[in-house]
Amino acid sequence: MRKISFFRQLGTQILLACIGLFVILPIWATMRLAFDGSLKSRPTEFRFFPKEWSTTAFMQVLEKPYQSVDFEVLLKNSLTVSLSAAFIAIILGMSLAYAFARFRFPGRQFGLFAILLTAFLPPVAFMTPLYILLTMLKIRTTLMALVIVYAAFGMPFCIWNMRAAFQSIPKEVEEAAFLDGAGDFKTFLYITLPLAMPSIVVAGLISFLMAYSEFAIGWLFVEKADTVTLAMSIYAMVQSGNAQPWSYLGSLAIIMSIPVVILFILFQRTLLERLMFGETA
Amino acid sequence: MKRLQISLRILAILFVITIAWIARAHAVDKLPIDYDEDDYLRASQEYTHLIRASNWLGFQEANYRPEHPPLAKILMGFSLLSAPEEELTPDAPTTAQPNKNLPVDLVKPARTLNAVFGLLTVALLAFLDPLAGLTLGLHTFTIKYVSQIMLEALPALTSLVTVLAYLQSKKQKSKTSWLAASAIFLGLTAASKYLYCVVAFAILTDWFLESKRQNGLGNFYKQVIFWGILALVIFFAADPYLWPNPIQRLKESVFYHAAYSSGAAEVQNAGYPFWQPFAWITMSPAMWSKDAFFIAPDFFITVFAFLGLAGLWKKERVYVLWLGFAFLFLLFWPTKWPQYIVIFTVPLSLSASLGIQQTWQSAMDRFKDRKTHKVVFAKKESRRAVPWLVPGLIAFALLTVFPLLFQFAVSTTDFNSSSIRDGLNGGIWNAVWGGLTGQAESTEMAITTHPNRVNFVGLSSYPDVFIFVSGRGTLFFDIFWTILSVSLQGFLGVSVALLLWQRGLRLGKFWQTLFILPWAIPEMIGVLMWLNIFSPETGWLALAVRSFGANIPFGFLNGWESTSSLWIVIFLIPAIWYGFPFMMLAASAGLKMIPQEVYDAAMMDGADTVQTFRYITWPLLLPLLLPAIIVRGIFAFNQFYLFQTFYYRDATLATLSYNIFNPTGWDITGQFAVSAAINIITVLILIVFVYLFNRWSKADEGVTYA
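All values reported here derive from a predicted model rather than from experimental measurement.

Moving on: the overall build of chain B. Secondary structure summary: chain B contains 30 helices and 0 strands in total. A compact globule built from 706 residues would reach a C-alpha radius of gyration of about 27 Å, and chain B, at 30 Å, matches this within 12%. For chain B, the spread of C-alpha atoms along the principal axes amounts to about 90 × 80 × 80 Å. Out of the 706 residues in chain B, the part that is buried amounts to 45%. Pairs at least 24 apart in sequence give 75% of the contacts found in chain B among residues at least 6 apart.

This is the structure we're talking about:
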């Protein structure tokens, strides 16, 4: 293929700029809110730029974003819940993933189908039974319940992806270790696991993010303010409407997004592969 | 052998006719009086009166509701001859509520006559294809509108005869008599209800294409003119109301519809979006009157009809044209009444029949394949797998499988927020156990009641829940949404990937990183960002319109919340924004895998850009994109946060399930069992998705495991 002509270059750049505008638009509208110090509640007039540039909203949100709850508590809850859920999904799912990647046994096809199916289910499909079951166990309104719920959402996905990761490691590598006298478990621990680690981390990251940004289902498992997560608090701010300056809402949204955006840009290629269920080459 | 086949076919046809009659007779008895029935009964009564008085000249002046031609009303008038004379049904405006007090001894014969026409349609279709006959015989919207005092039954029959006669004329040497028959029935169709004449467009198109293929266009025009004139003559002959003043009265009746569709209060108040005809064919009138129907298979008929379309086109093009013209017309016509879909339920049934046959055939083929490839498992390997399987399986069973099984158990009860105390203290177990062992009688459940003890309802809730989710439009919207949002995301994603892929493009990396942003922002925050723009009254757009007037770009979107056709645009914009980066990345990854040599070869052969894309890039790229398309499709089908945040709380199955479950929610709340049943329905639908995913991706086990 030849290099493109000047006019085509120009046309392409203009098109891309239009799409860029579309991408930026809602982000900019949020920024404009976040940096506006003049807002007392919702904005009442159209502005392209903030009326008074200020970062007080960010300061306020980093201290007490929602009613009297500390940012620290919210962040701590978010991290505890999301990290534990991802960790449980990974650790408990790992052996199953390995079995499906390496061995042939009766019922394997059916099992794979079941895992893929459960990975594709909406979180709501687990919410209904877990809500009832955890209420029966009388732990519904604890952080532990949230961990269990989010782990249940994430586990099928993690199993499927770890399986893909294990499968992509050549069997020969394992066989060499096996011939040197290492058992199944040792081979897994010292050979396969380290090799598959990057993919496992990314799979864990995805289920971490699912828990990190979940709010609607989480609200059903909360009664007291001390188990609220960041994502829930941002939704609560939307619900509470005009009680607070909307700049808080905008700045919390930005604060919550920045770490995730950085992770996505750094790991885009692997993330894409994992999110396509190991389907890209 | 041949004789056996023929007798089997006759048996099948008789069976279909019997089923169809039972369904229709039942509907005649059970359907409550609906809109318009009083109007058409009054019209028929006027004719009965004239017939009794032998006042044949009076036919020229009688035609209550003159916007519709009189033929169907006249025939209903004859059907009332057996009934005692009753007072004329009072005149009421078209906006009036249904008149519940119509005399039963009049309703019954008029409805029965229509049901007989409906049965004849089924019988004709059954001769052509018994399965299609059965499909039409059980299609509940068809049953409803051919078993009421409506004008649908007769033209539905005559329009089918029009097509069948035309098809005969194609096959026979002596065309004229069949063509004449086709024209006569077209004329009768027009004299019953204008709308049904869309078949004429299908016939003309097919006829034109066929003649063109045979190089006989000259003959075609001659025949068409003969056909058209004959149809017109019959129409005129069968419409005595036109005789005294043809032009004026025809004009009035036709223009009435144009005015009605754009001005009538009931059309405006209904507020149906442009795609409503699509929605009707996924619903069933069982949502309004459950007792009148035995089963409600309309949704499945539509699904199979979709699958059978290609086959039907190959087999007999004119039916697909019929379906297509009818559909296009209804999409653009502003009036969206459900009875209009009866104009195409015949070709819909034919297509569904083919779809069922094809699905059955391919299922059988796959089943046979399965038998030939039996996998042998090494015992040793299976044993080695056990220590790995056990811990993982326990966790998977506890966290995933058990909740799903429990959910299924809950769905067989009527557990809700009022029976929560009983349910949590063992009520669910007692109900399910009692039901399974037959100790407890299973009771009827209703979606809006809250009994305070848990009862076993068995699987009986599933048909009701299904009718509920389809009747609410949720099932339709979910599928429509999935198709629309994924195709638009795919279109933009692939376009951007192609733009970025051009050799020598500057700033490529920069643009790509910028475009990843929406994908990287958590969905719920992205949705909030868009809510900040589109929120009614307080959003950026609304504020901008307030400051600068409605003529700014995209200003027309302001006020979307009160125009049902605009909703979907407002939801699609964030969905495209959020979804296209993923498609772009997938397409970019795919494009890199296409070898350069292919393009060198294409360039040497002198292919231009469009040809290169059409014949090289797209076919090579599509298989690489399919997994991404399905993953996005499933995401769209399960879309929740977008709709929840925009307060569209029955958009998808997931949103509906959540909001019905939520004890402190909206509308219907705390119906735990209904929510569970919706989730199980979601599982069943996703099984289809997973099946497709497995088939289309290399994840298919036989291939990757080596």
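This is not the end of the story, as more comes after the structure.
For the rest of this paragraph, the subject is the interface of chain A and chain B. Contacts between the two partners involve 77 residues from chain A and, on the opposite side, 87 residues from chain B. Residue contributions to the side of chain A that touches chain B peak at 13 residues, all from helix α1 (residues 6-34) of chain A. Partitioned by chemical class, the residues of the side of chain A that touches chain B number 56 nonpolar, 15 polar and 6 charged.

According to the domain assignment, chain B contains domain 1 (2-89 + 99-262 + 274-356), domain 2 (379-469) and domain 3 (485-649). Each of domain 1 of chain B and domain 2 of chain B was reduced to a C-alpha centroid, and the two centroids are 45 Å apart.

Here we take up the environment of Leu 31 of chain B. All names here are of chain B. Its location among the elements puts Leu 31 in the loop between α1 (2-30) and α2 (37-52). For Leu 31, a count of 22 C-beta atoms within 10 Å translates into the label buried. As a C-alpha pair, Leu 31 and Met 604 span 573 residues in sequence and 70 Å in three-dimensional space. The residues touching Leu 31, leaving out its near neighbours within four places in the chain, are Lys 144, Ser 147, Gln 148, Ser 289 and Ala 292.

Residues and elements named next belong to chain B. Packing of helix α21 (residues 508-520) against helix α24 (residues 564-593) leaves a shortest axis separation of 7 Å and a crossing angle of 125°. Considered as vectors, α21 and α24 are oriented oblique to each other. For the element pair α21 and α24, the recorded crossing hand is left-handed. Residues Phe 515, Ile 516, Pro 518 and Trp 519 of α21 touch α24, and the partners they reach there are Trp 577, Tyr 578, Pro 581, Phe 582 and Met 584. By residue class, the composition of the contact of α21 with α24 is 9 nonpolar, no polar and no charged.

On to the confidence of the model for chain B. Residue and element names in this part refer to chain B. Taken as a whole, chain B shows an average pLDDT of 87; of its residues, 96% reach a score of 70 or greater. Scored below 50 in pLDDT, residues 699-706 makes 11 contacts in the model with residues more than four places away or belonging to other chains. This complex was scored by the predictor with a pTM of 0.85 and an ipTM of 0.88.

So, about the environment of Val 318 of chain B. Mapping Val 318 of chain B onto the fold places it in helix α15 (residues 317-332). It is 10 Å that separates the C-alpha atoms of Val 318 of chain B and Leu 209 of chain B, two residues lying 109 residues apart in sequence.

Let's shift gears to the nonpolar core. Note on soluble globular proteins: their nonpolar side chains tend to be buried together. One finds Val 149, Tyr 150 and Ala 151 of chain A together with Trp 322 and Ala 586 of chain B to be the most contacted residues of the largest nonpolar core, which totals 288 residues. Not counting chain neighbours up to four residues away, the residues in contact with Ala 151 of chain A comprise Ala 85, Ile 88 and Ala 89 of chain A together with Leu 399 of chain B.

On to helix α3 (residues 71-79) of chain B. Burial analysis of α3 of chain B places 7 of its 9 residues in the buried class, the great majority of the element. Buried within α3 of chain B are the following residues: Leu 71, Ala 72, Lys 73, Ile 74, Met 76, Gly 77 and Ser 79 of chain B.

Residue and element names in this part refer to chain A. Domain parsing of chain A yields domain 1 (6-62) and domain 2 (66-275). Placing a centre on the C-alpha atoms of domain 1 and another on those of domain 2 gives a separation of 31 Å. Elements with a contribution of two residues or more to the side of domain 1 that touches domain 2: α1 and α2 (56-63). Top contributing element to the side of domain 1 that touches domain 2 by residue count: α2, with 5 residues. Grouping the constituent residues of the side of domain 1 that touches domain 2 by class yields 9 nonpolar, 3 polar and 3 charged.

All names here are of chain A. Remark: α1 packs on helix α11 (residues 246-266), axes separated minimally by 7 Å, with the N-to-C direction vectors making an angle of 125°. If you check the angle between α1 and α11, you find them oblique. The way α1 lies across α11 gives a crossing that is left-handed. Two secondary-structure elements touch here, α1 through Thr 30, Met 31, Leu 33 and Ala 34 and α11 through Trp 246, Ser 247, Leu 249, Gly 250, Ser 251, Ala 253 and Ile 254. Here the residues of the contact of α1 with α11 sort into 7 nonpolar, 4 polar and no charged.

Conventions we followed
- Residues numbered from 1 in each chain as written.
- Chains lettered and ligands numbered in written order.
- Predicted model: local features only at pLDDT ≥ 70, side-chain atom pairs only at ≥ 80, totals over all residues.
- Helix = DSSP H or I, 4+ residues; strand = E, 2+ residues; numbered from the N terminus.
- Rg over C-alpha atoms; globule rule 2.2 N^0.38 Å.
- Buried ≥ 20, exposed ≤ 12 C-beta atoms within 10 Å, placed from the backbone.
- Contact = placed C-beta atoms within 7 Å.
- Nonpolar A, V, L, I, M, F, W, Y, C, P; charged D, E, K, R; others polar.
- Domains from an automatic or database assignment.
- Axes fitted to C-alpha atoms, helices over the stretch in contact; angles between N-to-C directions.
- Parallel < 35°, antiparallel > 145°, perpendicular 65-115°, else oblique.
- Left-handed = near helix turned anticlockwise from the far one by under 90°.
- pLDDT = per-residue confidence, 0-100.
- Core = buried A, V, L, I, M, F, W, Y, C linked by C-beta atoms within 7 Å.

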